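An overview of the molecular structure
These are the residues of each chain, in order.
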Amino acid sequence: MKKTRIAPTPSGYLHAGNAFNFLVTAALAKVVGAKVVLRIDDLDAERSRLEYVEDIFQSLEWLGIRVDEGPSGPTDFRTNWSQQLRLERYTALAEELRAAGVLYPCTCARPRFEQMDRNEHPCRTSKEEAVAHGTPWRLRIPVPCTVGVKQFDGTTSALDLPALLPDPIILQRDNARPAYQIASLCDDLEMGITFIVRGADLLPSTACQAHLAQLLKRDTFAEVRFHHHALAVDADGSKLSKSAGSASLKAMREAGTSPAALIAQATAYAEMLAKHFRL
Ligand SMILES: [Zn+2]
């Protein structure tokens, strides 16, 4: 069974760029006969807000997107679907990585970490055994490391992981909370996702998750097909103007704007993709 997902984060109001991603995902699902799962990524409980969760449901309705699987509303989401209910699953995967020796504790403050070259980062090679409770653990990305990611037409593109991403945090500082990369991978694996449409800003994450799946020997992930689109693109593939891309859907709804233009744009893009990849 083909399956894809719409995976918004409830840490702000959705904007036209999100709408574009959701609409393209839904349109392609229709073309290939795939189910659409709604997965609200509320891993970061501190930034997650009820009004943003409500905005997700209102936006999907406004855009005319119907999902086949997932929460029916904010209450069902909180009770049955929140990622907060799945933390143990994510932690178990992270612990597999830690046991495999591919994670390392990093005590560097973020600005310092970001300034350092990978080769100069002392934590990467530190042999220190005693790790203070609450220390974040990062993934040691090997150099070199080429990761294969499957495209919609079944061809594989080779991504240079170390060039795309600094060593990501897998277990966060606060009570060893699992981080985005591992949670997203875990959910995609367990939900049986077969294709993913993402903004180009998530290409480094795709490469990272493909690498994590290899380390964890979760081979089915290598079959997942990806398409990365420009963050908000016009029907001809050109970038939307910044103002159009950043307007919140809520503001558009309240102003009485019709979603027709957004829908037309995304549909045209999905049709172009379907033709290009002969879906
Ligand atoms: Zn460090």
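Reference entry: report on the structure contained in this document. On a predicted model such as this, the values are computed, not experimentally measured, just so you know.

1. Let's talk about the coordination of the zinc ion
At 2.1 to 2.3 Å from the zinc ion lie its protein donor atoms, namely C106 (SG), C108 (SG), H121 (NE2) and C123 (SG). Read in sequence order, the donor residues for the zinc ion give the motif C-x1-C-x12-H-x1-C. Of the two residues, C106 is situated in the loop between β3 (103-105) and α5 (110-115) and H121 in the loop between α5 and β4 (137-139); the sequence distance between them amounts to 15 residues. Taken as a pair, C106 and H121 share a single burial class, namely buried.

2. A few points about helix α4 (residues 87-99)
End to end, α4 covers 18 Å across 13 residues, agreeing with the expected 18 Å (1.5 Å per residue, within 8%). If you check which residues of α4 are buried, you get Y90, L93, A94 and L97. All buried residues of α4 fall inside an arc of 95° around its axis, so they share one side. Among the exposed residues of α4, those pointing more than 90 degrees away from its buried face are E88 and A99.

3. A short note on the pairing of strand β8 (residues 195-199)
For β8, a buried count of five out of five residues is recorded, marking the element as mostly surrounded by other parts of the structure. As paired elements, β8 and strand β9 (residues 225-229) share five bridges and run parallel to each other. Within β9, the position partnered with I196 by the bridge is F226. For the crossover that starts at β8, traverses helix α8 (residues 203-215) and ends in the parallel β9, the hand is right-handed.

Definitions and cut-offs
- Residues numbered from 1 in each chain as written.
- Predicted model: local features only at pLDDT ≥ 70, side-chain atom pairs only at ≥ 80, totals over all residues.
- Heavy atoms only, no water.
- Donors = N, O, S within 2.8 Å, 3.2 Å for Na, K, Ca; no water.
- Helix = DSSP H or I, 4+ residues; strand = E, 2+ residues; numbered from the N terminus.
- Buried < 20%, exposed > 50% of the residue type's maximum accessible area, 1.4 Å probe, protein only.
- Expected span 1.5 Å × (residues − 1).
- Arc of directions from axis to C-beta.
- Pairing = 2+ DSSP bridges.
- Right-handed = clockwise from strand over helix to strand, strands pointing away.

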